[in-house]
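Chain and residue survey
In case you want the letters, here they are:
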Amino acid sequence: MRPSWLDAVLQRFQHSWETNAQFRAMVSGVIGLVIIVGLCATMGVAAVFASNVGGAFGGSGGGDTGAYTSGGSNSPQATDVTFPMTTLTPWPSPQYPNSGPIPASQTPQPSPTAAPTATPQPTCDPSVDPNCGNGNPGGGGGPGGGGGGGSITGSAPAPLKGGVAGSILVNTKHPNQQILININWPNGAHDFPAGSGVTDSSGNGSISVGIVPACPAGHAGQTLYAQVYVYASDGSQFSASVGELC
């Protein structure tokens, strides 16, 4: 079937609309212009219609004359028309209940929290404890936490020396254990943690604790003792007193 001329026009319009941006812009502009002109024309027709209707009802622009036009003749307006107004009573003032002032609280001020006391440093007397300073576990130094156990076997150098790098020698029942060491030094310093490392396949390990803190003043030439706590990855916990030469 041969397409009609209208189909051909619509096909050409669709092709130009889809492929030519300038064509789309031009058509959009024309459509917008037609809409604007149509709106203006509609507003003009509406204005003329309203003016004619107003004239038919006798409207005039002569100002306030005290009369209105009806059917082509002026009739006086009524001047004694009144409208009823409802009189509102005054709003009553709010009444607040009487009440006395709130008494001051009798709760005493909280007292400041007391500062925690320092943990006493462990002491070690070789004349009482033959194992003092040789690395053997001290009181409470046995295995804990369900682990396999272990011991502190000494230090390097032995004894430790202030201002010199040192190591703690340990042995664990289970091999290849991750080790964490905490130390309370004779001068009151606390290293938590002081060092960490791993034991070998025999359970032996040398755990570096860095530079050993100096002894407190007045103890030159004496051997003081640091309390060393060892924690192994199998849950073992043990401790011992390790000497430091001042």
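For the structure itself, consult the block above.
Notes on the structure follow.

Each value, and the rule that gives it
Residues numbered from 1 in each chain as written. Predicted model: local features only at pLDDT ≥ 70, side-chain atom pairs only at ≥ 80, totals over all residues. Heavy atoms only, no water. Pairing = 2+ DSSP bridges. Helix = DSSP H or I, 4+ residues; strand = E, 2+ residues; numbered from the N terminus. Axes fitted to C-alpha atoms, helices over the stretch in contact; angles between N-to-C directions. Parallel < 35°, antiparallel > 145°, perpendicular 65-115°, else oblique. Contact = heavy atoms within 4.5 Å. Nonpolar A, V, L, I, M, F, W, Y, C, P; charged D, E, K, R; others polar. Core = buried A, V, L, I, M, F, W, Y, C linked by side-chain atoms within 4.5 Å. Buried < 20%, exposed > 50% of the residue type's maximum accessible area, 1.4 Å probe, protein only. Patch = residues over 30% accessible without salt bridge, like charges linked within 9 Å, V, L, I, M, F, W, Y side chains within 5 Å. Areas by Shrake-Rupley, 256 points an atom, 1.4 Å probe, with all protein chains shown as cover. Salt bridge = Lys/Arg side-chain N within 4 Å of Asp/Glu carboxyl O.

This brings us to the sheet that holds strand 9 (residues 223–232). An order of 4-10-9-6-7 is seen for the 5 strands of this open sheet, with the pairing classed as mixed. The two strands at the open ends of the sheet, each matched to only one other strand, are strand 4 (160–161) and strand 7 (190–198). In the sheet, strand 6 (residues 178–184) pairs with strand 7 via 6 bridges, with the strands oriented antiparallel. The residue of strand 7 that forms the bridge with Asn 184 is His 190.

Packing of helix 1 (residues 5–19) against helix 2 (residues 21–56) brings their axes to within 5 Å, and their N-to-C directions diverge by 110°. By the angle class used here, helix 1 and helix 2 are roughly perpendicular. Contacts between helix 1 and helix 2 involve Phe 13, Ser 16, Trp 17, Glu 18 and Thr 19 on the former and, on the latter, Ala 21, Phe 23, Arg 24, Val 27 and Ser 28. When its residues are assigned to classes, the contact of helix 1 with helix 2 shows 5 nonpolar, 3 polar and 2 charged.

Before going further, it helps to spend a moment on the sheet that holds strand 3 (residues 150–156). Spatially, 3 strands are ordered 3-5-8 in an open sheet, and the strand pairing comes out antiparallel. The sheet terminates laterally at strand 3 and strand 8 (204–211), the two strands that pair on one side only. Between one strand and the next, the sheet's axes are offset by a mean angle of 25°, whatever the strand orientation. Examined bridge by bridge, strand 5 (residues 165–172) and strand 8 share 7 bridges and lie antiparallel to one another. Residue pairing for strand 8: Asn 171 is matched across the bridge by Asn 204.

The next subject is the nonpolar core. In globular proteins that are soluble, nonpolar side chains generally tend to be buried together. With 19 residues, the main nonpolar core has Ile 152, Ile 168, Ile 181, Ile 183, Val 228 and Val 230 as its most contacted residues. Only strand 5, strand 6, strand 8, strand 9 and strand 10 (237–245) provide two or more residues apiece to this core. With 4 residues, the top contributor of residues to this core is strand 9. Beyond its immediate stretch of four places on either side in the chain, Ile 168 contacts Ile 152, Gly 154, Ser 155, Leu 160, Ile 181, Ile 183, Gly 205, Ser 206, Ile 207, Val 209, Val 228 and Val 242.

The next point concerns a nonpolar patch on the surface. Taken together, Trp 5, Leu 6, Val 9 and Leu 10 make up a surface patch of nonpolar side chains, about 440 Å² in accessible area. Here Leu 10 lies in helix 1. Given a relative accessible area of 48%, Leu 10 falls into the partly exposed group.

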